[in-house]
Amino acid sequence: MATVRTGKVNYFRQLKMAVLYPGNEAGSALDRNNRIAVFLFAILPGLSPNFNSFILLASMVWGAYCLATGSLALNLSKSDRLVAIGMSIYPLVMIASIFINPPYSEELDWIFRLLPFFSVWLILPRMRQSPDGSLVPLFILGAGIGMIVTFLFSLLQIMFLMERAEAGTSNAALLGVIGVLFGGIALLNVQSPRSVEQRIAILGYAAGLGCVLLSGTRSAWLVIPIHIVIFLWYFRKHSFHLSLRSLAITSSLLLAGLITLGSGQILHRIQALQENLTSLERTDGEITSLSARFALYKGALSAISKDPLTGYGPQNRMASVLAELPDNIRPKLPYSHVHNGFLTAGIDAGVFGIAALSLMLLTPVIGAWRKEAGPGRDLAIALALLLFSSYVITGSFGIMFNQKALDPIFAYMVALICADRGSTGFAPVVRS
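- As recorded in an unreviewed UniProt entry, the chain goes by the name O-antigen ligase domain-containing protein, listed as coming from Rhizobium leguminosarum bv. viciae.
- One UniProt comment on the chain, placed under Subcellular location (unreviewed entry), says "Membrane".

If you want it as structure tokens, here you go:
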């Protein structure tokens, strides 16, 4: 037992060295800063998503400084430029819609919110200063560690404070999106030859699912079977070092534990959905979560049909939707968004907004698919599909973009997916 504990302590000491002291070769300072930023970015989403915004903003500012002073060259490939342009079209369309549609209201604030989507131009050249294959495994490992800590935080909230867990996100739905995405990312580390990293991968995935269950985010539940298909595709092509028997036993025990811990929340959310469905048949005017969504969808579709080309601008989003609803329903809808990312883009900028959003959602898949063939390409595709499916499915029933946490996460992951060559093989973070 003492040997096992000593091994774990040594591992985390080696991990600290791998993050803080990557080497003495030229460019190691930039590499060290990249490693610290990537590792923290993966750990923090469920604990303090505002820190993710800070990390992205700081990386953008430093990247702009390095490019302006000539210490870094832009040096983006044709594929990189395609991804960066695809990311940039969405904010440019939204900025245009702000100025096309008066009255102008807090336009500088809206423009500032859109800045993360330009970040690929600035942070990708900086990420390229780290050796190929060094940042993505670190991000995957950080996702596992972050999910484990986030789940423990969520569990304490459920036990003592809240009906639905939020962890450090201040929003249960946001925790659900982060849990299903970063839990899925964590599981990719099962392919590591290091036993500690394998355990973190499995525990991180279970913790991510635990966050999804404790948050009661039903749209995130729908993502889980899609992610399983992605895992089956990826692991069928790439062997992992954990025995199938050990994996089956561990997974069964963790699944039983998750069901036990989350059964109350699952039953509560299913019962709430059943009650909402029943209330749709009544005519007493009661507004439930489900009926409110239907009303918002109906109002959004009506508004889009009246101005399908230019939309109304994000500053007029909810006002334009509520204007299409009956007077007796309008005061009962205190929501600040439409609960559908595609309808939101349509209201903001018409069909051009929907097209720009769809292109941006596809950019991680495009960036991964256009890599040269190899294990790095497969890993990038797996990451891209996890990211794409998480945002599309949860964003079709809740929040997608225009959010302090989700915007930086998407933009940062797109740059990370593009950073390595497709021929780069996976290597554990701690190699010795």
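On we go.
1. Topic: the overall build of the chain
Right, so step 1: Counting its regular elements, the chain contains 17 helices and 0 strands.
Right, so step 2: Taking all contacts inside the chain whose residues are at least 6 apart in sequence as the whole, residues at least 24 apart take part in 78%.
Right, so step 3: Working note: accessible area of the chain is about 19,100 Å², and carbon and sulfur atoms make up 66% of it.

2. Things to note about the nonpolar core
Right, so step 1: Within the largest apolar cluster, 97 residues are counted, with the highest numbers of intra-cluster contacts made by Ile185, Leu188, Tyr391 and Phe401.
Right, so step 2: Broken down by element, this core gets its largest block of residues, 12 residues, from helix 17 (residues 406-419).
Right, so step 3: Within the second largest apolar cluster, 16 residues are counted, among which are Met318, Leu322, Leu325 and Leu333.

3. A few points about a nonpolar patch on the surface
Right, so step 1: Together, Leu156, Met159, Phe160 and Leu161 make up an exposed nonpolar region whose accessible area comes to about 500 Å².
Right, so step 2: Secondary-structure assignment places Phe160 in helix 7 (residues 135-160).
Right, so step 3: Residue Phe160 is classed as exposed on the basis of its relative accessible area, which comes to 62%.

4. Re the pattern of salt bridges
Right, so step 1: Inspection of the entire model under this criterion finds 6 salt bridges.
Right, so step 2: For Asp132, the salt bridge identified is with Arg421, shortest N-O distance 2.5 Å. In this pair, Asp132 is assigned in the loop between helix 6 (120-127) and helix 7 and Arg421 in the segment after helix 17, connecting sequence segments 289 residues apart.
Right, so step 3: Residue classification places Arg421 among the partly exposed residues on the basis of a relative accessible area of 48%.
Right, so step 4: For the salt bridge of Arg317 with Asp348, the shortest nitrogen-to-oxygen distance reads 2.7 Å. Remark: Asp348 occurs in helix 15 (residues 341-369) and Arg317 occurs in helix 14 (residues 317-322); sequence separation between them is 31 residues. The burial state of Arg317 is the same as that of Asp348; both residues are buried.

Criteria and cut-off values
- The numbers attached to residues start from 1 for each chain and follow its sequence in the written order.
- With pLDDT at 70 or above as the cut-off, local features in this predicted model cover only qualifying residues; side-chain atom pairs require 80 or more to be listed or tallied, and sums for whole chains, interfaces and linings still use all residues.
- Hydrogens are left out, water is left out, and the side-chain values use all remaining heavy atoms of the structure.
- UniProt positions are given in the numbering used here, feature names are shortened, and annotations may be inferred rather than shown by experiment.
- Each helix is a run of DSSP H or I of at least 4 residues and each strand a run of E of at least 2, with the numbering of both proceeding from the N terminus.
- Any pair of residues with heavy atoms lying within 4.5 Å of one another is described as a contacting pair.
- In short, Shrake-Rupley with a 1.4 Å probe defines the accessible areas, and a residue's cover is counted only from the protein chains shown.
- The nonpolar core is taken to be a set of buried Ala, Val, Leu, Ile, Met, Phe, Trp, Tyr and Cys residues, with the residues joined through side-chain atoms within 4.5 Å.
- Only protein chains enter the accessibility calculation, which uses a 1.4 Å probe; a residue whose area is less than 20% of its type maximum is buried, one above 50% is exposed, and one in between is partly exposed.
- Nonpolar side chains (Val, Leu, Ile, Met, Phe, Trp, Tyr) are joined into patches within 5 Å and like charges within 9 Å, using only residues with over 30% relative accessible area and no salt bridge.
- Any Lys or Arg side-chain nitrogen located within 4 Å of an Asp or Glu carboxyl oxygen qualifies as a salt bridge.

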